[in-house]
Amino acid sequence: MGSSEERVVAVIMVGGPTKGTRFRPLSLNIPKPLFPLAGQPMVHHPISACKKIPNLAQIYLIGFYEEREFALYVSSISNELKVPVRYLKEDKPHGSAGGLYNFRDLIMEDNPSHIFLLNCDVCCSFPLPEMLEAHRRYGGMGTILVIKVSAESANQFGELVADPVTNELLHYTEKPETFVSDLINCGVYIFTPDIFTTIQDVSIQRKDRANLRRVSSFEALQSATKTLPSDFVRLDQDILSPLAGKKQLYTYETLDFWEQIKTPGMSLKCSALYLALFRFTSPHLLASGNGTKSATIMGDVYIHPSAKVHPTAKIGPNVSISANARIGAGARLISCIILDDVEIKENAVVIHSIVGWKSCIGKWSRVQAEGDYNAKLGITILGEAVTVEDEVVVINSIVLPHKTLNVSVQEEIIL
């Protein structure tokens, strides 16, 4: 371990309004990073993992959302974890590395020896203290969390080749067209402050190239206007690829779960993964009950303390019930996220679905899907304030906010 004087800061990239489009209709009323998985905001999972880092001085969230959208959450999580959390709003896109560089003065205020960089839309067990120890052993500038995936799915991510003995990063390519490796980048990093010099060097080189083009010829001037701005620096293409094989970057492989949360379907899968993780990290958050005084609970289930669940209801596995929800007699819930102020009436069934805020599901109704997390209509999503009337069946469908369904639907998007 490092000396007690060493300090660490963590930076979590939360993206912005333009990036949450695939998460609609759930991101219409709440920033995607605040959408609840396993009853906690998405960003809460990486933040609480950062809490376990030794000598953590500060956590920064960087994104394009308005500060007021995060103000309440940031103040409550800072109090809860007793670690200062601060939201920093980007003025324009700077790229994943450029965004970090843009706030370098603030990030370096605590004079940290190491900087963690995490992406908010990543779901994993975040083995950060172990990663820090490995990083210190390697002695490089950066360490990347990596995982083995199937050869068929690898090309959706950054593929990399690492030395099997030293774990040095030897080759890195972002979403290659041909298969390179089944090892992929998990979007979780640790760097020494030297990363800022490296990012600055990329910017300077880009400026110089643009200036060279300008003096060369008129055609070159035309093409120079199309190149990336000098302060736009991407972590993968501009930093990781050029530094591979130079004894600067190393890898740390996780053997645990890892997913990327791009769509509402994946949020349901990741909610299940986090609920399962709670068994080891936060068992007090999981509900229990055998159907006598409280509902029958099967598998991993989170129920907010303010929710009211009838003792004859049967809940689980993989169910998360948010604040002020009301679950009626004989209701059956399997693999679903029930958001704030939802009412599910007697004998209704909800399977592989996300039920939006203030929605109401009538008596003897069914809201369900096949549970294919990757398919467009693989899970059923009800937006905010959707009413499903009594004895109506909704299968493999997406319903936008403020709709009332009085007839059954299957495989439809209801606008």
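In the block above lies the structure referred to throughout.
The structure reproduced in this document is the subject of the present report. (Residues numbered from 1 in each chain as written. Predicted model: local features only at pLDDT ≥ 70, side-chain atom pairs only at ≥ 80, totals over all residues. Heavy atoms only, no water.)

## Considerations on helix H9 (residues 264–281)
Between its first and last C-alpha, H9 extends 25 Å over 18 residues, near the 26 Å set by a 1.5 Å rise per residue. Of all the positions in H9, only Pro-264, Gly-265, Met-266, Ser-267, Leu-268, Cys-270, Ser-271, Tyr-274, Leu-275, Leu-277 and Phe-278 are classed as buried. (Helix = DSSP H or I, 4+ residues; strand = E, 2+ residues; numbered from the N terminus. Expected span 1.5 Å × (residues − 1). Buried < 20%, exposed > 50% of the residue type's maximum accessible area, 1.4 Å probe, protein only.)

## Considering the packing of aromatic side chains
For the structure shown, the criterion picks out nine aromatic pairs. A centroid spacing of 5.7 Å and a plane angle of 15° characterise the contact between Tyr-189 and Phe-191, whose relative ring orientation is stacked. For the pair Tyr-189 and Phe-191, one class covers both residues: buried. An aromatic cluster is present here, built from Phe-23, Phe-35 and Trp-357 joined pairwise through their rings. Here the guanidinium or amino end of Arg-104 rests over the ring plane of Tyr-101, the centre of that ring lying 3.9 Å away. (Phe/Tyr/Trp six-rings, centres within 6.5 Å; stacked < 30°, edge-to-face > 60°. Lys NZ or Arg CZ within 6 Å of the ring centre and 35° of its normal.)

## Concerning the pairing of strand E5 (residues 85–89)
As a general feature of sheets, a regular strand has side chains that alternate between the two faces. Bridging between strand E4 (residues 56–63) and E5 involves five bridges; their strand directions are parallel. Looking at E5, one finds that Ile-59 is bridged to Val-85. Regarding topology, helix H2 (residues 67–81) serves as the crossover connection from E4 to the parallel E5, and that connection is right-handed. (Pairing = 2+ DSSP bridges. Right-handed = clockwise from strand over helix to strand, strands pointing away.)

## Re H2
Compared with an ideal rise of 1.5 Å per residue, which puts 15 residues at 21 Å, H2 spans 20 Å between its outermost C-alpha atoms and is within 8% of the ideal. A maximum bend of about 25° is found in H2 at Tyr-73. When H2 is considered as a whole, its buried residues turn out to be Phe-70, Tyr-73, Val-74, Ile-77, Ser-78 and Leu-81. On the buried face of H2, the contacting elements are strand E1 (8–15), strand E3 (40–41), helix H1 (44–50), E4 and E5. Looking one or two places after H2, you find Lys-82, whose phi comes out positive at around 60°. (Bend = angle between axes of the 7 residues up to and from the residue. Contact = heavy atoms within 4.5 Å.)

## Overview of the pattern of salt bridges
Going through the model one piece at a time under the given rule, you end up with 12 salt bridges. Each of Lys-32, Asp-121 and Lys-262 takes part in one network of salt bridges that share partners. (Salt bridge = Lys/Arg side-chain N within 4 Å of Asp/Glu carboxyl O.)

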